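Each chain is listed here by its residues.
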Amino acid sequence: SAVWKTDSTFTMGRLFGNWISKIGDGRLDTKFGVNSFYFEAETPRQEFFLSGAPQQTLYDRTSTRERGANLSSKYSISIGEGHLLAAGVEGEWSKRIQTRLALVNGVPDAFNDAGDDDLSASSRRYAAFVQDEWDINKQWSVNLGLRWEGINVKSAATGKLAAVDNQSSVLSPIAHAVWKIPGMERDQVRMSATHSYRAPPLANLIAAPALSHNNSATSPDRYGNPNLKPEQAIGLELAYEHYLSDGGIVSVNFFNRHIKQLMRRVAKEENTVDGLRWISRPVNIGNADTRGVELEAKFRLAQWMENAPNIDLRANYSWAWSAVDGINGPYNRIDSQPKHTANLGIDYRPANSALSLGGSLNWTPGYLIQTSPEQLTSSDLKRQLDVYALWKINGYTQLRLSANNLMARDSLSSTSVQDRGITHLSDSLGPTDTQWSLRLEMKL
């Protein structure tokens, strides 16, 4: 048995700016931002034999500091009849410093003693795009574009960790079209074909190893993977939208995506300099397909009931199906993708009042995912209630009080791993908390 307690702190700061100016007949829109966060966690742990006698004491302290900045600029100008041309560039930089101290009975463990738990890494992302929004006639409009994006990740060699210099890039064409149905001024069909790109986060590419003192199939060491490649997806979407009077909408959207180089964290037993250990690292496991349907409705209650209070209702429901190549079904789904999700929201604004009230309810059923031929994970039913109160002090200032996860249901998940005829099973049941926030929002 074991007894442990974890204390952690998280501090984050962000600053954003937006500058818009006219240059000739066009408009230049520039956005910039800087951000920083610091995370530290400390865990003392005492382990005991079945007899109750002390076995060993463990101590872990990790800290992560990351700073970043971003800049984007977009220039748009009308050219010719019905054409709006836009071109822009984007840049993003981040640097992460991660340290870890691990003690076993007051002595640094083998990995920590070698100085391998300190890590400094940086990433740079660049992008450039051009697009043409063309209103062909009253019924048809199209948006054609091309986007290039590249990312570079670097870190220096540290102890048993090799130096990393990882570069990747992709060129993505994009096409959107809207057809306004003749004779039905509030109805339209939206179509799109996209080639998207999802770069792996810096923590998945480069991370100081987090060793498990009780290494097993369900409690492996965690590593990054500097050779992780970005995901690329080809997507097709078809949507029907019906706009109600007074700002409401009812829509149905069908989507289909083919994903290449799907990223997933996989645990395997590996030979290391410290012996045979279970190691979890993110890898590209192959291709996957996903498709589904999304239903959405937003409207005012007064649109359906006479003399109704000033209430806005919003609801959406989605069904999704997915399959990952190389893993047998029926649970070979994409990570964190339930079959169904539903949301219901309400906003109430009393007449002649500066106060608004509202809330939303999310429902996500439990689901199973076969993450590898040997590993199966499950998540329990999730119901979450969020509420808020908004007071508009004037046209430029408002105060928002919100409570997220008001029901505070326990979170249940499990992992099962089959290895050489043995089933390793780990269940996790943990409480969740209601998060309260008070925000003062000002427009300058």
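Up top is the structure.
Here we look at the overall build of the protein chain
Scanning the protein chain from N- to C-terminus turns up 2 helices and 24 strands. For the protein chain, the spread of C-alpha atoms along the three principal axes comes to 80 × 50 × 50 Å. Relative to its 444 residues, the protein chain shows a buried fraction of 34%. A separation of at least 24 residues holds for 61% of the contacts in the protein chain among residues at least 6 apart in sequence. Distance between charge centres in the protein chain, computed from 47 positive and 47 negative side chains, equals 3 Å.

Here we look at the environment of Ser378
For Ser378, the position within the fold is in strand 19 (residues 375-379). The exposure class of Ser378 is buried, given its relative accessible area of 19%. Taking the C-alpha atoms as reference points, Ser378 and Ser414, 36 residues apart in sequence, are found 5.3 Å from one another. Not counting residues up to four positions away in its chain, the partners in contact with Ser378 are Tyr367, Leu368, Leu412, Ser413 and Ser414. Polar side-chain contacts of Ser378 include one of 2.5 Å to the side chain of Ser414.

Here's the deal with the sheet that holds strand 18 (residues 367-370)
Here we have 4 strands laid out as an open sheet, ordered 18-19-22-23, and antiparallel in their pairing. Taken across any chain shown, the strands that pair with only one partner, and hence form the sheet edges, are strand 18 and strand 23 (422-430). With direction set aside, neighbouring strand axes in the sheet form an average angle of 15 degrees. In this sheet, strand 22 (residues 411-419) lies alongside strand 19 in antiparallel orientation, the contact comprising 5 bridges. In the strand pairing of strand 22, Thr377 is matched with Thr415.

So, how was this worked out
Residues numbered from 1 in each chain as written. Predicted model: local features only at pLDDT ≥ 70, side-chain atom pairs only at ≥ 80, totals over all residues. Heavy atoms only, no water. Helix = DSSP H or I, 4+ residues; strand = E, 2+ residues; numbered from the N terminus. Buried < 20%, exposed > 50% of the residue type's maximum accessible area, 1.4 Å probe, protein only. Contact = heavy atoms within 4.5 Å. Lys, Arg positive; Asp, Glu negative; His and termini not counted. Charge placed at Lys NZ, Arg CZ, Asp CG, Glu CD. Polar contact = N/O pair within 3.5 Å; in protein donor to acceptor, adjacent residues only side chain to side chain. Pairing = 2+ DSSP bridges. Axes fitted to C-alpha atoms, helices over the stretch in contact; angles between N-to-C directions.

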